[in-house]
Amino acid sequence: MQHNMDSIIERANVLVEALPYISAFTGKTIVIKYGGNAMNDPVVMRTVMQDVAALKVVGVHPIVVHGGGPEINGMLKRLDIASRFENGLRVTDNETMEVVQMVLAGKVNKNLVSLLNTMGVKAVGLCGKDAGLIEVEKMPAKDGVDLGYVGRVKKINEQLLLALQNDFVPVIASIGTDAFGESYNVNADTAAGAIGGALKAEKLMFLTDIDGIRADEKDPKSLITKITVSEIRNMIATGQISGGMIPKVTGCIDAIEKGISSVLILNGTVPHSILLELFTDSGIGTMVTPG
Ligand code: ARG
C-alpha cells in the first residue's frame with residue numbers, strides 16, 4: 001500500500017503547531033469542568049478522558065471537576081425518590097443528598113478515574129470532603145425557599161491537590177462539606193472556578209454542549225473566539241447575552257476575578273475539543289480574558 005504523503009506531512013504540521021503550546025503549558029495547572037450534556041455519551045466521555053490523559057503525558061497538570069445531573073436523575077428515578085425544583089434548582093433533602101453523593105462520588109467519579117487509568121496515567125478520585133477540599137456553607141434561603149443541602153463555596157483547601165498534581169490526575173466530584181462534616185451539593189461550575197482560582201490555574205475550561213459565546217445567539221456561525229470581561233458585561237447589558245448563557249458567562253467572569261488568566265467555553269461533545277483548543281493556534285471555543 002502507498003503512503004499518502006500529503007496527509008502524512010499534514011500530520012507533522014499539526015505536531016509542529018502544537019509544540020510551542022506544549023512547552024508553554026508544561027508544569028501548569030489546567031482545570032477542566034466536565035458535566036451535563038457533554039457527559040451523556042460514552043464515546044464522547046472516552047475522547048474527553050483521552051485528552052486529559054494526553055495533557056498529563058506532555059507534562060501539564062490537568063485537574064477534572066465534574067457534576068453528573070443526568071445520572072443523579074436516573075438513580076433518583078430508580079429509587080422512586082421524587083425531586084422538587086424551586087427556580088430551577090433541586091431541593092436537596094437528606095435522602096436526595098445521600099443519592100447525590102453515592103452517584104457522584106461513587107459512580108460517576110470512579111468511572112472517570114477507571115477510564116483515565118486505562119490510558120496510561122494515574123487518576124485519583126476525590127470529592128470536596130477529602131482533606132476538606134471544598135468547604136461550603138449552606139445556601140441561605142431565598143424568598144422563603146430553603147434548598148436543603150445545597151452549598152455555597154466558602155473556601156478551597158488546595159493542599160491535597162498541590163501534593164497530588166505532579167504525579168496524579170485528580171478527579172473531583174462537586175460535593176462540599178461544612179464544619180460539621182455534612183455533605184452538600186455544590187454547583188460544579190462554581191466549584192471548578194473556585195478550585196482553579198485557589199490553584200492559580202493557567203486555564204479553566206468549561207466543557208459544555210455549545211460551541212461558545214455567539215455574537216448573535218441564533219446564528220451558529222457567529223462564534224466569538226476571544227472576548228474580554230468588559231465586553232461580556234456590555235453584551236449582557238445590551239441583552240446580546242441572555243437566558244441560559246448568563247450563568248455560564250458569569251461563571252467565567254468569577255473565575256477571571258479569582259486570578260485565572262484565561263477561561264474557556266468549549267463544546268465538549270466535539271471529539272478532542274481540549275487538545276484542539278490548547279494545541280492549535282486558532283483554538284475551538286470562546287476564550288475569556290481579563291480586561
Ligand atoms: N492554543 C492557544 C492557547 O491555548 C490559542 C487558543 C486560542 N483559542 C481561542 N478560542 N481563541 O493559548
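These remarks concern the structure in this document.

1. Digging into the packing of helix α7 (residues 229-237) against helix α8 (residues 245-257)
Right, so step 1: Look at α7 against α8: their axes get within 11 Å of each other, and the N-to-C directions meet at 150 degrees. When the interaxial angle is binned, α7 and α8 end up roughly antiparallel. For the pair α7 and α8, the crossing hand works out as left-handed. Residue-level contacts link Val-229, Ile-232, Arg-233 and Ile-236 of α7 to Ile-246, Val-249, Ile-253, Ile-256 and Glu-257 of α8.
Right, so step 2: Partitioning the contact of α7 with α8 into residue classes produces 7 nonpolar, no polar and 2 charged.

2. Focus: the pattern of salt bridges
Right, so step 1: According to the stated counting rule, one finds 7 salt bridges in the structure shown.
Right, so step 2: Linking Glu-71 and Lys-107 is a salt bridge whose minimum nitrogen-to-oxygen distance equals 2.9 Å. Residue Glu-71 is found in helix α3 (residues 69-78), and its partner Lys-107 is found in helix α4 (residues 94-117); the two are separated by 36 residues along the sequence.
Right, so step 3: Relative accessible area serves as the criterion here: at 32%, Glu-71 is assigned to the partly exposed category.
Right, so step 4: Of the residues examined, Lys-107 reaches a relative accessible area of 33% and is grouped as partly exposed.

3. Examining the site of the ligand
Right, so step 1: Neighbouring residues of the ligand: Tyr-21, Phe-25, Lys-203, Thr-225, Glu-277, Leu-278, Thr-280, Asp-281, Ser-282, Gly-283, Gly-285 and Met-287.
Right, so step 2: Between the ligand and Leu-278, the relevant distance is 2.8 Å, taken from a nitrogen atom to a main-chain nitrogen or oxygen of the residue.
Right, so step 3: Burial of the ligand by the protein chains amounts to 87% of its free accessible area of 340 Å².
Right, so step 4: Within the shell around the ligand, the residues separate by chemical class into 4 nonpolar, 5 polar and 3 charged.

4. Overview of helix α1 (residues 5-25)
The α-helix advances 3.6 residues per turn, and as a result positions three or four apart in sequence lie on the same side.
Right, so step 1: Between its first and last C-alpha atoms α1 spans 31 Å; for 21 residues at 1.5 Å apiece the expected length is 30 Å, and the two agree.
Right, so step 2: The largest bend in α1 comes to about 35 degrees, at Ala-18, with the proline Pro-20 one to four residues further on.
Right, so step 3: Sitting at the amino-terminal end of α1 is Asn-4, which places a side-chain oxygen 3.2 Å from the backbone nitrogen of Asp-6.

5. Regarding the pairing of strand β1 (residues 29-34)
Right, so step 1: Summarising burial for β1: 6 of the 6 residues are buried, a large majority.
Right, so step 2: Judged by which residues are buried, β1 turns out to be covered on both faces: Thr-29, Val-31 and Lys-33 on one side and Ile-30, Ile-32 and Tyr-34 on the other are all buried.
Right, so step 3: In terms of strand pairing, β1 meets strand β2 (residues 61-66) through 6 bridges, oriented parallel. Bridged to Thr-29 within β2 is His-61.
Right, so step 4: Taken together, β1, helix α2 (residues 42-57) and β2 constitute a β-α-β crossover, and its handedness is right-handed.

6. So, the packing of α3 against α4
Right, so step 1: Taken N-terminus to C-terminus, the directions of α3 and α4 make an angle of 125 degrees; their axes are 9 Å apart at the nearest point. Taken as axis vectors, α3 and α4 run oblique relative to one another. Seen from above, α3 lies across α4 with right-handed handedness. Contact residues: Glu-71, Ile-72, Met-75 and Leu-76 in α3; Thr-96, Val-99, Val-100, Val-103, Leu-104, Lys-107 and Val-108 in α4.

7. What to know about unusual backbone geometry
Right, so step 1: Phi at Ala-131 is positive, roughly 50 degrees, even though this residue is not glycine.
Right, so step 2: Position of Ala-131 among the secondary structure elements: in the loop between β5 (123-127) and β6 (134-138).
Right, so step 3: Notably, His-272 is not glycine yet its phi reads approximately 60 degrees, a positive angle.
Right, so step 4: Following the sequence through the fold, His-272 ends up in the loop between β13 (262-267) and α9 (273-279).
Right, so step 5: Relative accessible area serves as the criterion here: at 30%, His-272 is assigned to the partly exposed category.

Cut-off values and rules
- Residues numbered from 1 in each chain as written.
- Predicted model: local features only at pLDDT ≥ 70, side-chain atom pairs only at ≥ 80, totals over all residues.
- Heavy atoms only, no water.
- Axes fitted to C-alpha atoms, helices over the stretch in contact; angles between N-to-C directions.
- Helix = DSSP H or I, 4+ residues; strand = E, 2+ residues; numbered from the N terminus.
- Parallel < 35°, antiparallel > 145°, perpendicular 65-115°, else oblique.
- Left-handed = near helix turned anticlockwise from the far one by under 90°.
- Contact = heavy atoms within 4.5 Å.
- Nonpolar A, V, L, I, M, F, W, Y, C, P; charged D, E, K, R; others polar.
- Salt bridge = Lys/Arg side-chain N within 4 Å of Asp/Glu carboxyl O.
- Buried < 20%, exposed > 50% of the residue type's maximum accessible area, 1.4 Å probe, protein only.
- Near = heavy atom within 4 Å.
- Polar contact = N/O pair within 3.5 Å; in protein donor to acceptor, adjacent residues only side chain to side chain.
- Areas by Shrake-Rupley, 256 points an atom, 1.4 Å probe, with all protein chains shown as cover.
- Expected span 1.5 Å × (residues − 1).
- Bend = angle between axes of the 7 residues up to and from the residue.
- Pairing = 2+ DSSP bridges.
- Right-handed = clockwise from strand over helix to strand, strands pointing away.

Interpretation note: all reported values are geometric properties and have no functional meaning in isolation.
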